[in-house]
Amino acid sequence: RRLLLSLLSLLSLLDFTLLDFTMDTPVKLAIVMKVIGRTGSRGQVTQVRVKFLDDQNRQIMRNVKGPVREGDILTLMESEREARRLR
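Residues numbered from 1 in each chain as written. Predicted model: local features only at pLDDT ≥ 70, side-chain atom pairs only at ≥ 80, totals over all residues. Heavy atoms only, no water.

Visitor: I keep staring at the environment of Lys 51 and nothing clicks. Help me out?
Guide: One can find Lys 51 in strand β2 (residues 45-52). Note on Lys 51: relative accessible area 17%, which makes it buried. It is 9.5 Å that separates the C-alpha atoms of Lys 51 and Ile 73, two residues lying 22 residues apart in sequence. Apart from residues lying up to four places away in sequence, Lys 51 is in contact with Leu 29, Ala 30, Ile 31, Met 33, Gln 56, Arg 58 and Gln 59. (Helix = DSSP H or I, 4+ residues; strand = E, 2+ residues; numbered from the N terminus. Buried < 20%, exposed > 50% of the residue type's maximum accessible area, 1.4 Å probe, protein only. Contact = heavy atoms within 4.5 Å.)

Here is the structure:
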């Protein structure tokens, strides 16, 4: 239920955001499935596993700067590159 509400509120915000980016580069929407852990020299980056909303079979790991939790939706400017695993 929380996910549905956040999706609806995000879609209203994305109308403006997608208009800005569609002329230059296509954006991909991805939902955070699992928070893997913190990385970076001071732990300022969170590594997460995301699933793309347009291709439900595709999952990749990404590094996210800033607060993030499971169920959040990320707007990815670049969707081909995958983050290296935490050690």
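After that view, the rundown keeps rolling.
Visitor: Can you walk me through the sheet that holds strand β3 (residues 59-65) in this structure?
Guide: Hydrogen bonds between backbone atoms are what pair the strands of a sheet, whose relative direction is either parallel or antiparallel. Here 4 strands make up an open sheet; going across it, the order is β3-β2-β1-β4 and the pairing antiparallel. The open sheet is flanked by β3 and β4 (73-76), the only strands paired with a single partner. Between one strand axis and the next, the sheet turns by 50° as a mean value, whatever way the strands run. Where strand β1 (residues 28-39) and β2 come together, 8 bridges link them in antiparallel fashion. Across the sheet, Gly 37 pairs through a bridge with Gln 47, a residue of β2. (Pairing = 2+ DSSP bridges. Axes fitted to C-alpha atoms, helices over the stretch in contact; angles between N-to-C directions.)

Visitor: Quick question: what am I supposed to make of the nonpolar core here?
Guide: Counting 10 residues, the largest nonpolar core is built from Ala 30, Val 32, Val 48, Val 50, Phe 52, Ile 60, Val 64, Val 68, Leu 74 and Leu 76. Elements with a contribution of two residues or more to this core: β1, β2, β3 and β4. Residue contributions to this core peak at 3 residues, all from β2. When near neighbours in sequence (up to four residues on either side) are disregarded, Leu 74 contacts Lys 28, Leu 29, Ala 30, Val 32, Val 48, Val 50, Val 64 and Val 68. (Core = buried A, V, L, I, M, F, W, Y, C linked by side-chain atoms within 4.5 Å.)

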